[in-house]
Amino acid sequence: MSSIVLATSAEDSRAVEAVVAHHTEMNGTLGLLVEALVQAVESGTATTGAHRRLVDWTRTDLLPHALAEEAAMYPHAHRDEHARLLVDAMIAEHGVIGELVDALDRATTPVRAAAHARALQVLFETHMTKENEQILPLLALSSDVSLAGVLDGMHELLGGHSHGEAGEAAAGGEPGGACGCGGGAGGCGGASEGVAAAAMDDAPAEPAGHSCGCGGHDDAGNLPVLDARAVPHAIRHATIFGALEGVAPGAGMVLLAPHDPLPLLAQVDARWPGTFAVDYLERGPETWALAFTR
């Protein structure tokens, strides 16, 4: 999140942070799953697995999240006459998202599946931005509603955690926002960029669980790529966590970073102990490329 959101209470402020962090992770997961499908289409390899993983995620995570928003947040925002048309438009966008998921599921050719996937990705990103920058600030500033109360228990909105837990993680309660949940799909929504910055000075030289085979990179060219250099600093780690969430067992991804991401590697190992093997493909000076395999 690149801007400051004012809130009527510390609890509401933490609730905003939790939802924005979860939105960011969802966007990262969707981006990785779409990229895996598009890359399979471009390379002419089998697309069935990537196609099915994307459809399954949209039905188990993305669509339930949209329904939870309509049930929890939107009715309160709709009471504000200045936001009524916006909320109506957001609900209509949920309908379009559902139609795109159905079209993606029914796609009979890889090219059509990739086209629907990209359209879904673009729509979700713009939809998420409007929620983060317009709906959430409106509710956080309202004296008539407690955003923290509205979101209490809404796991589909907060990634499986209450706003208090996510807020504590974002504030540095656990390294990397780790909460012991095991990092399941749609898991821990705590944003960790602040923790990473705080840990930069005394980051370990090699985080536990990190490896660099320096020779096992032959398959890296077939992995989907996340270019974190283009991601705003404030949401970079949450985006990467979301992308890693989308990596299936036996699969992987390549991360492009603007610096050696040692704090990130420590957070990844704390969040998914022993899950990812990491190989450096390039070590600066302008770009660090790392292959994560699960």
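Residues numbered from 1 in each chain as written. Predicted model: local features only at pLDDT ≥ 70, side-chain atom pairs only at ≥ 80, totals over all residues. Heavy atoms only, no water.

Section: the pattern of salt bridges
All chains considered together, the criterion is met by eight salt bridges. The partner of Arg 59 in a salt bridge is Asp 102, and the shortest N-O contact between them spans 2.8 Å. Of the two residues, Arg 59 is situated in helix α2 (residues 48-72) and Asp 102 in helix α4 (residues 84-106); the sequence distance between them amounts to 43 residues. For Arg 59, a relative accessible area of 35% gives the class partly exposed. We classify Asp 102 as partly exposed; its relative accessible area is 31%. Measuring nitrogen to oxygen at the nearest pair gives 2.3 Å for the salt bridge that ties Lys 130 to Glu 93. One end of the pair, Lys 130, is in helix α5 (residues 110-141); the other, Glu 93, is in helix α4, and 37 residues separate them in sequence. Accessibility expressed as a relative area gives 22% for Lys 130, which makes it partly exposed. The class for Glu 93 is buried, based on a relative accessible area of 15%. Several salt bridges converge on common partners, so that one network encompasses Arg 52, Asp 56, Arg 59, Asp 102 and Asp 105. (Salt bridge = Lys/Arg side-chain N within 4 Å of Asp/Glu carboxyl O. Helix = DSSP H or I, 4+ residues; strand = E, 2+ residues; numbered from the N terminus. Buried < 20%, exposed > 50% of the residue type's maximum accessible area, 1.4 Å probe, protein only.)

Things to note about the packing of α2 against α5
Each pair of packed helices can be described by the angle between their axes along with the distance between the axes. Viewed as axis vectors pointing N to C, α2 and α5 meet at an angle of 25°, and their least axial separation amounts to 13 Å. It follows from the interaxial angle that α2 and α5 lie roughly parallel. The way α2 lies across α5 gives a crossing that is left-handed. Where α2 abuts α5, its residues His 51, Leu 54, Thr 58, Leu 62 and Glu 69 lie against Ala 113, Ala 117, Leu 120, Phe 124, His 127 and Glu 131. Looking at side-chain class alone, the contact of α2 with α5 contains six nonpolar, three polar and two charged residues. (Axes fitted to C-alpha atoms, helices over the stretch in contact; angles between N-to-C directions. Parallel < 35°, antiparallel > 145°, perpendicular 65-115°, else oblique. Left-handed = near helix turned anticlockwise from the far one by under 90°. Contact = heavy atoms within 4.5 Å. Nonpolar A, V, L, I, M, F, W, Y, C, P; charged D, E, K, R; others polar.)

Description of the packing of helix α10 (residues 236-245) against helix α11 (residues 262-271)
Remark: α10 packs on α11, axes separated minimally by 12 Å, with the N-to-C direction vectors making an angle of 45°. Taken together, α10 and α11 sit at an angle that is classed as oblique. Taken as a pair, α10 and α11 cross one another with a handedness that is right-handed. Here His 237, Ile 240, Phe 241, Leu 244 and Glu 245 of α10 come into contact with α11, specifically with Leu 264, Gln 267, Val 268 and Arg 271. A class-by-class count of the residues in the contact of α10 with α11 yields five nonpolar, two polar and two charged.

A few points about the nonpolar core
Ranked by internal contacts, the top residues of the largest apolar core, which has 24 residues, are Leu 30, Leu 37, Leu 54, Leu 62, Leu 104 and Leu 120. Every element with two or more residues in this core is listed here: α1 (10-43), α2, α4 and α5. Residue contributions to this core peak at seven residues, all from α5. Beyond its immediate sequence surroundings of up to four residues, Leu 104 is in contact with Leu 37, His 51, Leu 54, Val 55, Ala 113, His 116 and Ala 117. (Core = buried A, V, L, I, M, F, W, Y, C linked by side-chain atoms within 4.5 Å.)

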